[in-house]
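The chain contents come next:
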Amino acid sequence: MKRLYWMLLLGVVALPSCNNLLDEEVVSGVTDDFYNTKAGFESAVNAAYVGMRSFYSSERGMTLTVFGTDTYTNGSDGGFKYVNQYTAQLDARYAHVNEVWNDFYVAINTCNAVVDRADTIPDLDEQTKNERVAEARFLRAHYYFILVQLFGPVPLKVHENTKIETEATRAPVKEVYQSIVGDLQYAVKNLPESQPEVGRAARPAAEQLLARVYLTRASSAAAEADDYAHAAEYAGHVIHNYDFQLLDDVGKVFEQGNEHNAESVWTVQYTTDPLYNNDEGVRNDNTSENYASRFFLMQYDVLPGMLRDLKNGTPWKRFTPTPFLLDTLYRDRVNDDRYDKWFTSVWYANNAGSIPQDPATHQPKFKVGDTAIWLPGHEVSDAFIASKPYLVVPPRNYTQKLYPSLNKFDDALRADNQASGVRPFIAFRLAEDYLIAAEALMKTGKTAEAVRYINTLRERAAKPGATPAETGEHKKAMDITAAQLNMDFILDERGRELIGEQFRWFDLVRTHQLLTRVRAYNPDGGPNIKDFHVLRPIPQDQIDRTTNEFPQNEGY
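Below, the structure is looked at part by part.

Rules used throughout
Sequence order sets the numbering: in each chain, residues are counted from 1 along the sequence as written. The model is predicted, so local features are restricted to residues of pLDDT at least 70 and side-chain atom pairs to those at 80 or more, both for listing and for counting; the totals for chains, interfaces and linings are taken over all residues. Each side-chain value is derived from all of the structure's non-hydrogen atoms; neither hydrogens nor water enter the calculation. Only protein atoms enter the 1 Å grid used here, on which a cavity is any set of points holding a 1.4 Å probe that cannot leave and a pocket is any open set flanked by protein within 12 Å on both sides along at least five of seven lines; residues with an atom within 4 Å of a point are listed as lining. Grid points are joined across faces, edges and corners, and a volume is the space filled by probe spheres set on the points. Secondary structure elements follow DSSP: runs of H or I no shorter than four residues count as helices, runs of E no shorter than two count as strands, and numbering proceeds from the N terminus. Pairing between two strands is assigned when DSSP locates at least 2 bridges connecting them. Only buried residues count toward a nonpolar core, which is a set of Ala, Val, Leu, Ile, Met, Phe, Trp, Tyr and Cys residues joined through side-chain atoms within 4.5 Å. Any residue under 20% of the maximum accessible area for its type is buried, any over 50% is exposed, and the rest in between are partly exposed; the area is computed with a 1.4 Å probe on protein chains only. The contact criterion used is simple: two residues touch if any of their non-hydrogen atoms lie within 4.5 Å.

**Quick notes on empty space enclosed by the protein**
Counting across every chain of the model gives seven cavities of 30 Å³ or more. As a volume, the largest cavity reaches approximately 170 Å³. Along its surface, the largest cavity is lined by 18 residues, and Phe145, Gln149, Arg212, Phe503 and Phe506 are the ones closest to its centre. Elements represented by at least two residues in the lining of the largest cavity include exactly α5 (126–151), α7 (203–218), α15 (430–443) and α19 (504–510). Looking at the lining of the largest cavity element by element, the count peaks at four residues for α5.

**Considering the sheet that holds strand β7 (residues 346–348)**
Spatially, three strands are ordered β7-β8-β9 in an open sheet, and the strand pairing comes out mixed. Edge positions in the sheet fall to β7 and β9 (391–392), since each has one partner strand and no second. With two bridges connecting them, strand β8 (residues 371–374) and β9 associate as parallel partners. The residue bridging tryptophan 374 from the neighbouring strand is valine 392, located in β9.

**Details of the nonpolar core**
One recurring pattern in soluble globular proteins: nonpolar side chains tend to sit buried together. One finds Phe138, Ile180 and Trp266 to be the most contacted residues of the largest nonpolar core, which totals 143 residues. The element contributing the most residues to this core is α5, with 14 residues. Sequence-distant contacts of phenylalanine 138, defined by excluding residues within four places in its chain, comprise Leu184, Ala187, Ala201, Ala205, Ala206, Leu209, Trp266 and Phe428. Within the second largest apolar cluster, 18 residues are counted, among which are Ala349, Ile355, Ala372 and Val392.

Following this line, the structure appears as structure tokens:
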């Protein structure tokens, strides 16, 4: 029987692990009374985090946020191209919106259970109670924030529902935002500055999310007069009130094993055990596993001298960078280090059996460990290409299978090429706070302060030179003036800095630039995108299983 999912998530509880990571443990034979105990209450709090893996680093989350923008378009593979193309197939039957909707509301009701039951738990000290409730309210706010951005008005439930309900109504966007802000203000007040377990939310994460919420609400129909001021305030708190620091080397930010670095504010945890990685252990459809390492990779493994391995990854070829991303956003590769550090453009031979032979010498053209493929990133002559023993792919030869590959999420520690990822996903990092502060300050007329934040972030990304003087010149070249700062520049800078990190669709909708930029820069989505595509369709099964009338978003 299909009903609106307001039940408490039972059967999946989380316990702290010995390595201070917040992991989940599947426990059978658990009754509802268990959650009225101190141990059960702690387990329910930890279980409330599970829904984050349903969105971050999953196929559904990446497809909903990376695809259909100005920066990524169709790769050769994948069954969800219509999300990028904005065709009629993007409708209420689209699986990913159904999965996000259902998973998030299960998680929200788990959060509600924590909040409602906290005062009844025996032997729970006041500080622990307040901190755990603050975690639940942080998570509830986070789930609702994603939902309201995707769908607009959504059902708003802030108390546990222990029985099946067959009626539901959509709360106004303003009301949803008020609930989100209230939850996050409570979390900021009651969360500690840091947590002993990696992955558990602390005060800086709540402040960063609150800054993000204020910035987003400020340009919505629910805007309040001081939203931009509050966005700058809370982003400034994260920048100035804690020990977070921008790493000197942008290449280290996403280095595997370094996810919990000085720039990382909050991460979503994964583990080597596929039971816990796969959608709360309930569904087996691969949509909530950490597969981010696969989506951005070109098809290197069928080319001369190459075979698929863990180091180079499993190329699913889902997302191809647009010319706008490569030629405009990353045009400056002399002063800006981000393209060179975050995109793979050279592959080294790992398969002696497929190395081509030189017809003159009958010897292999190169050997294992030598360059097998090079994407120079600029045009070269046919004669130059012919002069090299390895494959040279200039931009004119890019296809849906051959293109520079985003490497932020590379994962060489998977068990094998079929296994899901084990890396934590950096959901909040300090660079975003600089961008939030800059945009909010610009919007409130404090341009000089905004430019300082932008230039600090851009100077961090300056390419190291051969000498200190050359490095200084690169940093100087990265600086902008107040006259150069506008919303287009902010959007471009967010694209350069946050590429692939599940911001882009939200950013374009928030700034009312989705239609303009997709039409201008996405060759597959541009011809079809319409005004109503700034929201996703309400899942059809939600409409069907509700006994009262549950309205669909306009256009679907």
